[in-house]
Amino acid sequence: NAKLNQLAKNAGKLYFGTATDNGELNNTQYVSILSDRREFGQLTPANGMKWEYVEPEPGVFNYTDGSVVANLATKNHQLLRCHNLVWHSQLPDWVPNTNWTKETLKAALIDHVTHEARHWASQCYAWDVLNEALNEDGTYRNDTFYAVLGEEYIKIAFKAAAEADPTAKLYYNDYNIESPGPKSTAALGIVTMLQEAGLRIDGVGLQSHFIVGSTPTIDQQISNMKSFTDLGVDVAITELDIRLLLPSNATNLQQQSKDYEASVGACVQVEGCVGITVWDFWDPVSWVPGVFAGYGDADLWFANFTKHPAYYGVEAALKNG
Ligand code: G3I
């Protein structure tokens, strides 16, 4: 019986992958599934490459946590999606708390992106250069980078990333851009803004953190993906999980399976959708219950390591589109 990454490759995709995190890697049953390249052809570190871990003090770099996942992917012959270089969240305190000028922040941003992207330059299939820069209405999030530098900070980050790692695919990554609407339109605007500036952007990551029973339809997801690929960039589903209101039962698990099938099926049907990553595959390590009270069971494997019905929904989508 073919497993998910094998099926994804048969469908013409580059990978079916998963996020993982350092704390989980002492569970041998978890690691044996994670490391099975027939199941997962790609890994994303859920935390270890974020700014607070990588540059906790100005100019002090620490690649320990990120390298654990990067090296595991290398050992397992899995692709690595590197996540992320610039984000408003999980920043060390010194970033929001410094009294920046345009010049000093530009220098700090270039320094961070350059050091980090160079460090893993041979290992990243793709970099999420910029994560979650948009508000729901499509305006820019007014974080430290935008407040000081305006839209220019996005160009600075992509330029530095392209110079530091000429081979990684450079992505903009966000949530709630999986169906047409103001935020997705604004993400299209980031792509064209960079292209018009002569800078490289290779793809857009559709995070796809969904809720059972209220995900975008397959047609909405397909037409949204095509609006990006029409600009000449790839898309990828980068953080797929579909949470349900606990407890799970036959009904909500069946709906979850249909919802996973629709998202994966959309990627299968769009040529420029290169792959699908789930935001971890095992319920006990999901970020969901800690953030959305009452919700959980968002992943493909239950706590006891049996598979959700949704595993078979993904399988069906990879086989049939
Ligand atoms: O590292 C500390 C540890 O030292 C401490 O003992 C522990 C106590 O709570 O916290 C640890 O940090 C946690 C970190 O995950 C590592 O486990 C943070 O509190 C926790 O907030 C953090 O959550 C992460 C979240 O991003 C933060 O925004 C999740 O694991 C991670 O899955 C999640 O991933 C994001 C993507 O990067 C971007 N898109 C949304 C996605 C889900 O929120």
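Because the structure is predicted, anything quoted here is derived from the model rather than measured.

Cut-offs used in this document
Residues numbered from 1 in each chain as written. Predicted model: local features only at pLDDT ≥ 70, side-chain atom pairs only at ≥ 80, totals over all residues. Axes fitted to C-alpha atoms, helices over the stretch in contact; angles between N-to-C directions. Helix = DSSP H or I, 4+ residues; strand = E, 2+ residues; numbered from the N terminus. Parallel < 35°, antiparallel > 145°, perpendicular 65-115°, else oblique. Left-handed = near helix turned anticlockwise from the far one by under 90°. Contact = placed C-beta atoms within 7 Å. Nonpolar A, V, L, I, M, F, W, Y, C, P; charged D, E, K, R; others polar. Expected span 1.5 Å × (residues − 1). Buried ≥ 20, exposed ≤ 12 C-beta atoms within 10 Å, placed from the backbone. Arc of directions from axis to C-beta. Right-handed = clockwise from strand over helix to strand, strands pointing away. Pairing = 2+ DSSP bridges.

S.K.: Explain the packing of helix H11 (residues 250–269) against helix H13 (residues 309–320) residue by residue, including any values.
M.R.: Here H11 crosses H13 at 25 degrees, and the two axes come no closer than 7 Å. The orientation of H11 relative to H13 falls into the category roughly parallel. The handedness of the crossing between H11 and H13 comes out as right-handed. Taking contact as the criterion, the partners of Leu-253, Gln-254, Gln-256, Ser-257, Lys-258, Tyr-260, Glu-261, Val-264, Gly-265 and Val-268 in H11 are, on H13, Pro-309, Ala-310, Tyr-312, Gly-313, Val-314, Ala-316, Ala-317 and Leu-318. Class assignment of the residues belonging to the contact of H11 with H13 gives a composition of 11 nonpolar, 5 polar and 2 charged.

S.K.: I'd love a proper account of helix H10 (residues 218–229), names of residues and values included.
M.R.: Counted at 1.5 Å a residue, the expected span for H10 with its 12 residues is 16 Å, and the 16 Å between its end C-alpha atoms agrees. Inspection of H10 places Ile-218, Gln-221, Ile-222, Asn-224, Met-225 and Phe-228 among the buried residues, and these make up the whole buried set. Down the axis of H10, the buried side of the element spans an arc of 165 degrees, and every buried residue falls inside it. On its buried face, H10 is in contact with helix H9 (182–196), strand E6 (203–206), strand E8 (234–245), H11 and strand E9 (273–278).

S.K.: Explain unusual backbone geometry to me, using residue names and the numbers behind them.
M.R.: The omega angle of the peptide bond from His-83 to Asn-84 is -5 degrees, so this bond is cis rather than trans. Looking at where Asn-84 falls in the secondary structure, it is placed in strand E3 (residues 79–87). Cis geometry is found at the peptide bond from Leu-246 to Pro-247, where omega equals 0 degrees. Tracing the chain through its elements places Pro-247 in the loop between E8 and H11. Within the chain, His-77 stands out as a residue other than glycine whose phi angle is a positive 60 degrees. Within the secondary structure, His-77 is located in the loop between helix H4 (64–76) and E3.

S.K.: Mind laying out the pairing of strand E2 (residues 42–45), listing which residues take part and the relevant values?
M.R.: Burial along E2 is two-sided: Gln-42 and Thr-44 and Leu-43 and Pro-45, pointing in opposite directions, are all buried. The β-α-β motif built from strand E1 (residues 15–20), the intervening helix H2 (residues 28–34) and the parallel element E2 has right-handed crossover chirality. Looking at chain direction, E2 and E3 are connected through 2 bridges and run parallel. The partner of Gln-42 across the bridge, within E3, is Leu-79.

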